[in-house]
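Fold and geometry: a report
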Amino acid sequence: MKHAPSFEETLMGSLRSRISIEKWNDAKEAYEENYYKDTILSIIDYVGRDLRKKYGNDTNSYFKIPHGSIVVEIEITDTELHIEAPFLEIGEKHRIPLLRKIAEVNFYPLNLSQIKLKGNRLNFHYSTPLHLCEPYKIYYVLEEICHNADNLDDELISLFGAKPLHGPRITFYDKELMDKAWQKFTSLLSEAEAFIHYFDEKRIEYFNWDVINITLKRIEYCIAPNGKLRSDIKHQVNCLYNKEDMKSRIQRGKKFLETLRSMPKEDFVVDMYVSETFIPKKSRSEIESIKRSLEKPFESAGKEIRNKQYTAATLTLLVAFYDLFYYNTIEDAIHNKVVRTLRNADKKAWEESANLLYEGMENIIKNKTMAQNITSTTKSFLSRLFK
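About the thresholds
- Residues numbered from 1 in each chain as written.
- Predicted model: local features only at pLDDT ≥ 70, side-chain atom pairs only at ≥ 80, totals over all residues.
- Heavy atoms only, no water.
- Helix = DSSP H or I, 4+ residues; strand = E, 2+ residues; numbered from the N terminus.
- Rg over C-alpha atoms; globule rule 2.2 N^0.38 Å.
- Buried < 20%, exposed > 50% of the residue type's maximum accessible area, 1.4 Å probe, protein only.
- Contact = heavy atoms within 4.5 Å.
- Areas by Shrake-Rupley, 256 points an atom, 1.4 Å probe, with all protein chains shown as cover.
- Lys, Arg positive; Asp, Glu negative; His and termini not counted.
- Charge placed at Lys NZ, Arg CZ, Asp CG, Glu CD.
- Phe/Tyr/Trp six-rings, centres within 6.5 Å; stacked < 30°, edge-to-face > 60°.
- Pairing = 2+ DSSP bridges.
- Salt bridge = Lys/Arg side-chain N within 4 Å of Asp/Glu carboxyl O.

To continue, consider the overall build of the protein. The helix and strand inventory of the protein stands at 15 helices and 10 strands. Taken over C-alpha atoms, the radius of gyration comes to 22 Å for the protein, in line with the 21 Å a tight globule of 387 residues would show. Viewed in the frame of its principal axes, the protein has a C-alpha envelope of about 65 × 50 × 40 Å. Counting across all 387 residues of the protein, residues that qualify as buried make up 51%. Considering only contacts in the protein between residues 6 or more positions apart, those separated by 24 or more positions represent 75%. When the accessible surface of the protein is totalled, it reaches about 19200 Å², and 49% of it is carbon and sulfur. Charged side chains in the protein number 58 positive and 57 negative. The centres of these two groups are separated by 3 Å.

Written out as structure tokens, the structure is:
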């Protein structure tokens with residue numbers, strides 16, 4: 001393997017966010033002027049301009065907004081804000097271990113919201129006086145509820161036999177897109193296997209941390225899985241950054257990729273869908289925050305290139321670029337620059353790839369115009385769904 005990894009563009013079309021930045025400014029201004037109900041309404045508008053009309057009542061005091069397999073209920077009274085999200089129904093068989101797990105979750109990772117038991121139902125809950133509805137705090141509460149529901153439901157259902165209270169509003173990929181997603185999935189895993197074998201053979205196994213990291217984030221970028229596959233990938237990415245020694249993290253990552261390679265297509269297709277969501281799964285990043293996130297890998301790769309460590313530099317830069325896709329929603333202009341850079345470096349020799357990726361990152365950090373624009377050859381699946 002004397003060349004860099006290949007590049008596959010996402011099947012999902014645009015990665016830009018539906019968030020309305022100006023509505024966040026409205027929320028902050030309303031809170032500063034003590035218009036607390038307007039603060040909450042502006043936060044909802046910030047997430048999506050059509051949400052209030054689509055999911056609210058005539059007085060803008062009660063909303064039922066779907067997010068994956070939960071429905072977030074928001075009630076604004078004259079004095080208080082109440083947020084509740086019915087989550088799971090529990091049975092008697094594994095009741096005690098499940099409740100122990102919920103107690104752990106209420107301690108961590110939950111911070112402001114809590115999961116409470118009502119009869120046989122577990123509900124996310126949060127209440128506060130209106131005058132304490134500071135915009136950042138309320139958005140964090142909504143994010144905390146939605147994201148933890150996404151992360152926990154599959155685990156609690158599979159381990160403890162809990163049952164979802166709501167079915168997610170989902171649209172499965174059509175057959176053509178499903179076949180393309182499966183092809184990309186298997187292709188990415190086969191390429192990762194080849195790189196891992198190569199680096200093991202050359203006794204530079206530490207590069208396999210990068211290979212595993214890049215592969216998992218490429219899968220998320222290329223085919224946007226949901227359900228258990230998405231949760232498993234997220235868990236494995238987090239494991240790559242834990243405090244265990246590098247060898248243990250690499251071995252765990254290898255085993256996970258082997259599990260993915262053995263996955264039958266009928267299991268794969270179950271997680272290939274678009275789910276209606278409330279709070280975005282990824283952060284919206286402005287150009288300045290993107291620049292800041294790239295500064296450290298750009299500096300590290302520059303040192304590696306100067307030391308003629310071209311393989312290391314290539315992998316450093318690829319991890320940074322795929323981090324952008326994995327953790328953020330990105331405006332089309334930035335996405336196009338990154339795609340252009342990755343496509344230029346596709347399967348190039350390590351030295352050439354390192355220099356092309358480095359130059360492309362420099363263009364983004366310094367706001368330079370790139371030579372040509374990118375147009376996707378694959379029609380956006382989301383545009384076909386919601387046009």
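Before going further, it helps to examine the packing of aromatic side chains. By the definition in use, this model includes 23 aromatic pairs. Ring pairs connect the aromatic residues F195, Y198, F199, Y206, F207 and W350, which therefore count as one cluster.

Glancing now at the pairing of strand β4 (residues 114–118). Direction of pairing for β4 relative to strand β5 (residues 121–129): antiparallel, over a ladder of five bridges. Counted as the bridge partner of L117 is L122 from β5. Joining the antiparallel neighbours β4 and β5 is a turn of two residues, in which G119 adopts a positive phi near 65°.

Per the counting criterion, the structure on display carries 23 salt bridges. In this structure, K228 and D232 form a salt bridge, with 2.7 Å as the shortest nitrogen-oxygen distance. Here K228 and its partner D232 are both found in helix α8 (residues 227–240), four residues apart, which amounts to about one turn of the helix. Residue classification places D232 among the partly exposed positions, given a relative accessible area of 26%. For E288, the salt bridge identified is with K291, shortest N-O distance 3.3 Å. One end of the pair, E288, and the other, K291, are both in helix α11 (residues 287–306), three residues apart, so they sit about a helical turn from each other.

Once that is clear, we can look at the side chain of T311. Considering the arrangement of structural elements, one finds T311 in helix α12 (residues 310–327). Every residue in contact with T311, bar those within four places of it in the chain, is listed here: F199, F207 and W350.

A separate point is the environment of E32. Positionally, E32 belongs in helix α1 (residues 21–32). Given the relative accessible area of 64%, E32 is considered exposed. Separated by 102 residues in sequence, E32 and E134 place their C-alpha atoms 8.9 Å apart.

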